[in-house]
Amino acid sequence: MKAARSAILVLALVASGLVAAAPVAADTDPPAGTLETATADPQPTWQTDRIVWALDRVGSTIIAGGDFTAIRPPGAAPGDSRQQTRNGVASFDSSTGEPTPFRPVIAGSTFSAPSNPSPGECDAAGTGQYVCKAVLRVKVSPDGGTVYLGGDFDRAQGQTRQKFAAYTLRDGALVANMAASINSRVRAIAVSATTVYIGGDFTSVNGQPRSRLAAFSRATGALLPWAPTADRTVYTMAMSSDGSRVIVGGVFDHINGNTINGIATVNAGTGASMPWSSRPVPPRNGDSYSTVWDLVVSGNTVYAGANGHGPGVFDGRFAADVTTGNLIWKDSCLGATSAISLMKGVLYSASHAHDCSDLGAFPEVTPRRYQRLLAETANSNGAAKPTLLHWFPLVNAGPSDSYYFQGPWAMANDDTNLWVGGEFTTTNGQAQQGLTRYVYKATARDVNPPEVPFAAPVVTSRSSTSLGVSWQTTWDRDNATLTYSVYRDGGTQPIYTTTAKSTFWTLPTLSYVDNGLAAGSSHTYQVRVRDAFDNSRSSPASAPVTAANSPLGTYGAAVAAAGSNQYWRLNEKSGIVAGDALGSRYGKFGAGVTIGQSGAPNVLPSIGIRTNGTATGIVSNAAAIAAPATYSIEFWFGTSYTTGGKIAGFGNAATGTSGTFDRHVYVNNAGKIVFGVWSGGPQTIVSPASYTSGGWHHVVATQGASGMALYVDGQLVGTNPTTTAPAYNGVWRLGGDNLNGWPGKPAGNWFHGGIDDFATYPTALTPAQVASHWSAAH
């Protein structure tokens, strides 16, 4: 169902800027010892004309169930002459995507009703007329001989079959003795060697009371005494590996009268409740509740995916011990999980995830961005959360008349091919309806190039013989590390090559300084990006730029030569914009900023700004960027106020107070300078001395592979070994921002004093570079 997502978990994490940071790892070319994912390239697969609700595999055959009436070849438009009729069930070769002979005919009877009893599962059939015929669950028996179907249909092969039917796979014959009368939908099926278990919305089977759970003999079709009770709908079931337990998932609050939400285990023979220690699904709270949609069992571990409705719910995945119910790990990505599939140690999931900051991955953005297919490590290696893997294929939400707009609804695999079914109509932007599949690079080469847009580089003059080239990285759907090559004047050989990691939510800016050019010469530049398999894209060429002596003065020239990618000189005398002397990342002055003030001495023209110590006394980027992993910030400040405040930092809001914030420098009440990042907690460096005597001071804060460093007035005053920081999109700000939860928090968030010449870098400046900048101003 459509889910109203919760921000409670995210707010709890970011209320103090405490965003968990866990790197996205692995892809189709992973580092040694890490898991490989499938490629993000959809493989040729026949399509359906409507939604696929369920998938299962037997041998080399994939069986799909849903509400479709036809299938057609890959790439074919609806109504194509090669289209073939299929009524609710179709089968395909798992490795080729081609149809196979198994083709049951499932149907429903037309009835009158004042309104559609279940939009998305039942179809309008005229004025006040509806038909329910969807196959909502497909399950193959352990011996591979029988296919069980559950749903909202009432006929199979023209014979009465109320919500449940069985077929022999070998000849496609309807199993005669599986002809129960069930009074409402069957949504879940689990099968043992002797028994088939069902769950759903029903309350009666063959005239006998059954509260949403029932079982039949596989040999005779007889209804068995097994009769555990669920107070609300059961959506999914699975057998334990030893056959002793049935794991039940759904939207229930009680099983056998015992309070337990969403997941429980019952004895496979008696139906009695079995131990389940953990409570990964929160209790129902009015209209807020969670539903376990899908279960996968491997050994003694059960994996589950859940959908949440309303605030304070659970939308992600978890793993638990089947015997005890002890929780192994849990992730709380927001965006209802509808299906999961375990393959080669990777747990793949179908959802409409829009906030995975819980895993140190993509945060909530406005407007929302949905990533409907994800991959994570099935084994968390003892950690409380798994690792999100770099696998981001794209499927859309579905057709414009879709009721759910979920996109993918079902998954299955044969350990080589990962099949996905649902209501989507495109994959990676290309037409493909209802079904798609993904394979590993050993089966089909990774062919998707890095994504667009990929803009022309920004070129700035740094001296008469030097030009600076900077560009924002792009990203790839299944490779985290990309290679960038810079070409000058349309040349065929790169003048510079580097690598960088990126994701769709973290796009660092890279730069290169092209030295030794002919004095006064003019040049253009282009950047080519390629993945590990040489799939590539090229940026447009830049406009010609002439190398000329820097107008920035001695200090500004040193900033430029060190590779700054953003430089606010703050020497404006009018206007509301802080210009970027070395690029295009200009800033905006808040109403509480006074421009044209005396700036740092010897940093010509010695003009800066003054902030008034309030929430309007700020300067911030006009456009958000990805928080850098390696960086330096540099500025001058002066104050005689003892109220402290944040001088500079990175946050996810351009005005007011940010909800996510770090990479900041602030002054505490003692006048000491604090540099902090968040990495599992606040990681800080505090200067030994105080700096509130009114004079101007030079500050550089860096973070990179060697950790953190803080310099004041050209001297190193402290280090910290922390090399990581959270990934999120935001802006650089001067003058103040949120400091809640940070050590030594001053009386106020807002800095009152002078600020001059703020610069950022995509590198960690060296002690020698910092010293040279200090010397350039003296």
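Residues numbered from 1 in each chain as written. Predicted model: local features only at pLDDT ≥ 70, side-chain atom pairs only at ≥ 80, totals over all residues. Heavy atoms only, no water.

## Some thoughts on the overall build of the protein
Then, number 1: Broken down by element type, the protein carries three helices and 63 strands.
Then, number 2: Computed over C-alpha atoms, the radius of gyration of the protein comes to 30 Å, within 12% of the 28 Å expected from 2.2 N^0.38 for 778 residues, which places it in the range of a compact globule.
Then, number 3: Considered along the principal axes of its C-alpha atoms, the protein spans approximately 95 × 55 × 55 Å.
Then, number 4: In the protein, buried positions account for 58% of the 778 residues.
Then, number 5: At a minimum sequence separation of 6, the contacts of the protein that also span at least 24 residues come to 58%.
Then, number 6: For the protein, the accessible area works out to roughly 27200 Å², and carbon and sulfur atoms hold 52% of it.
Then, number 7: When the 51 positive and 49 negative side-chain charges of the protein are each reduced to one mean point, those points stand 3 Å apart. (Helix = DSSP H or I, 4+ residues; strand = E, 2+ residues; numbered from the N terminus. Rg over C-alpha atoms; globule rule 2.2 N^0.38 Å. Buried < 20%, exposed > 50% of the residue type's maximum accessible area, 1.4 Å probe, protein only. Contact = heavy atoms within 4.5 Å. Areas by Shrake-Rupley, 256 points an atom, 1.4 Å probe, with all protein chains shown as cover. Lys, Arg positive; Asp, Glu negative; His and termini not counted. Charge placed at Lys NZ, Arg CZ, Asp CG, Glu CD.)

## Brief notes about the state of the cysteines
Then, number 1: All told, the structure shown has two disulfides when counted by the stated rule.
Then, number 2: Between the sulfur atoms of C333 and its disulfide mate C356 the distance is 2.0 Å. Taking the torsion about the S-S bond as the criterion, the C333 to C356 disulfide, at about 125°, is right-handed. Of this pair, C333 sits in the loop between strand 29 (327-331) and strand 30 (337-343) while C356 is found in the loop between strand 31 (346-353) and strand 32 (371-377), placing the two residues 23 residues apart along the sequence. With respect to class, C333 is no different from C356; both count as buried.
Then, number 3: When the cysteines of the protein that form disulfides are numbered from the N-terminus onward, they connect as 1-2, 3-4. (Disulfide = S-S within 2.5 Å.)

## Section: the sheet that holds strand 15 (residues 164-168)
Then, number 1: Read from one edge of the open sheet, three strands run 11-12-15, paired in antiparallel fashion. A strand with exactly one partner marks an edge of an open sheet, and here the two such strands are strand 11 (135-140) and strand 15. The sheet shows a mean angle of 20° between the axes of neighbouring strands, taken without regard to direction.
Then, number 2: Alignment of strand 12 (residues 146-151) against strand 15, held across five bridges, turns out to be antiparallel. Each residue of the ladder has a partner; that of G150, found in strand 15, is F164. (Pairing = 2+ DSSP bridges. Axes fitted to C-alpha atoms, helices over the stretch in contact; angles between N-to-C directions.)

## So, the sheet that holds strand 42 (residues 509-514)
For sheets, the rule is that strands pair by backbone hydrogen bonds, running either parallel or antiparallel.
Then, number 1: Taken together, three strands build an open sheet; the order of strands is 38-39-42 and the sheet is antiparallel. Because the sheet does not close on itself, it has two edges, and the strands there are strand 38 (458-463) and strand 42. Recorded for the sheet is a direction-independent mean angle of 20° between the axes of neighbouring strands.
Then, number 2: One ladder, built from six bridges, connects strand 39 (residues 466-472) with strand 42; its direction is antiparallel. Note on strand 42: the bridge partner recorded for Q472 is T509.

## Description of the nonpolar core
Then, number 1: Of all hydrophobic cores here, the largest spans 36 residues; its most connected members are F637 and F675.
Then, number 2: Examining the composition of this core, we find that four residues originate from one element, strand 54 (residues 631-638), more than from any other. (Core = buried A, V, L, I, M, F, W, Y, C linked by side-chain atoms within 4.5 Å.)

## Focus on the pattern of salt bridges
Then, number 1: Evaluation of the coordinates by the stated rule reveals 28 salt bridges.
Then, number 2: Between D253 and R232 there is a salt bridge, and its shortest N-O distance comes to 3.0 Å. Here the residue D253 occupies a position in the loop between strand 22 (245-250) and strand 23 (254-255), and R232 occupies one in the loop between strand 20 (213-217) and strand 21 (234-239), the gap between them amounting to 21 residues.
Then, number 3: The partner of D253 in a salt bridge is R284, with the nearest N and O atoms 2.9 Å apart. (Salt bridge = Lys/Arg side-chain N within 4 Å of Asp/Glu carboxyl O.)

## Topic: the side chain of T337
Then, number 1: Relative to the helices and strands, T337 resides in strand 30.
Then, number 2: T337 gets classed as buried once you look at its relative accessible area, which sits at 0%.
Then, number 3: Only 2.9 Å separates the side chain of T337 from the backbone oxygen of D315, close enough to count as a polar contact.
Then, number 4: Each residue touching T337, except ones within four places of it in the same chain, is listed here: W293, G305, A306, N307, D315, G316, R317, S349, A350 and S351. (Polar contact = N/O pair within 3.5 Å; in protein donor to acceptor, adjacent residues only side chain to side chain.)

## Topic: the packing of aromatic side chains
Then, number 1: Within the structure shown, the criterion is met by 33 aromatic pairs.
Then, number 2: An angle of 80° between the planes, with centres 4.8 Å apart, marks the rings of Y348 and W391 as edge-to-face. Here W391 lies in the loop between strand 32 and strand 33 (408-413) and Y348 lies in strand 31, a separation of 43 residues in the sequence.
Then, number 3: The buried category is assigned to Y348, whose relative accessible area is 0%.
Then, number 4: On the basis of relative accessibility, which here comes to 0%, the residue W391 falls in the buried class.
Then, number 5: Summarising the aromatic geometry, the rings of Y496 and Y512 are spaced 4.5 Å apart at their centres and angled 15° between planes, so their arrangement reads as stacked. Of this pair, Y496 sits in strand 41 (residues 496-501) while Y512 sits in strand 42, and the two are 16 residues apart along the sequence. (Phe/Tyr/Trp six-rings, centres within 6.5 Å; stacked < 30°, edge-to-face > 60°.)

## Topic: helix 2 (residues 553-561)
Then, number 1: Among the residues of helix 2, those classed as buried are Y555, G556, A558, V559 and A560.
Then, number 2: Those residues of helix 2 hidden inside the fold are in contact with strand 38, strand 47 (566-568), strand 54, strand 59 (696-704), strand 63 (752-761) and helix 3 (767-776).
Then, number 3: Following helix 2 by one or two positions, G563 adopts a phi angle in the positive range, close to 95°.

## Here we look at helix 3
An α-helical turn contains 3.6 residues, so any two residues separated by three or four positions project in the same direction.
Then, number 1: Within the span of helix 3, buried status applies to V770, H773 and A776. Seen end-on, helix 3 carries its buried residues on one side only, within an arc spanning 125°. Seen from the open side of helix 3, the exposed residues pointing more than 90 degrees away from its buried face are P767 and A768. (Arc of directions from axis to C-beta.)

## Here we look at the pairing of strand 51 (residues 607-612)
Then, number 1: Sheet topology places strand 50 (residues 593-598) next to strand 51; four bridges connect them, and they run antiparallel. For V593, the partnering residue across the bridge sits in strand 51 and is T611.
Then, number 2: Inspection of the sheet shows strand 51 paired to strand 63 by four bridges, in the antiparallel sense. Looking at strand 63, one finds that I609 is bridged to I755.

## Concerning the pairing of strand 42
Then, number 1: Of all six residues making up strand 42, six are buried, and the element is well covered by its neighbours.
Then, number 2: On strand 42, burial covers both faces: T509, S511 and V513 on one face and L510, Y512 and D514 on the other are all buried.

## Observations regarding a nonpolar patch on the surface
Then, number 1: On the surface, a cluster of nonpolar side chains totalling about 280 Å² of accessible area is made up of I576, V577 and Y586.
Then, number 2: Examined against the element boundaries, Y586 turns out to sit in the loop between strand 48 (577-578) and strand 49 (587-589). (Patch = residues over 30% accessible without salt bridge, like charges linked within 9 Å, V, L, I, M, F, W, Y side chains within 5 Å.)

## Structural notes on unusual backbone geometry
Then, number 1: Cis geometry marks the peptide bond from L604 to P605, where omega comes out at 10°.
Then, number 2: Mapped onto the elements, P605 comes out in the loop between strand 50 and strand 51.
Then, number 3: Here the phi dihedral of R212 falls at roughly 70°; this positive angle occurs in a residue that is not glycine.
Then, number 4: Residue placement: R212 occurs in the loop between strand 19 (208-209) and strand 20.
Then, number 5: With a phi close to 70°, N602 is a non-glycine residue in the positive phi region.
Then, number 6: Within the fold, N602 resides in the loop between strand 50 and strand 51.

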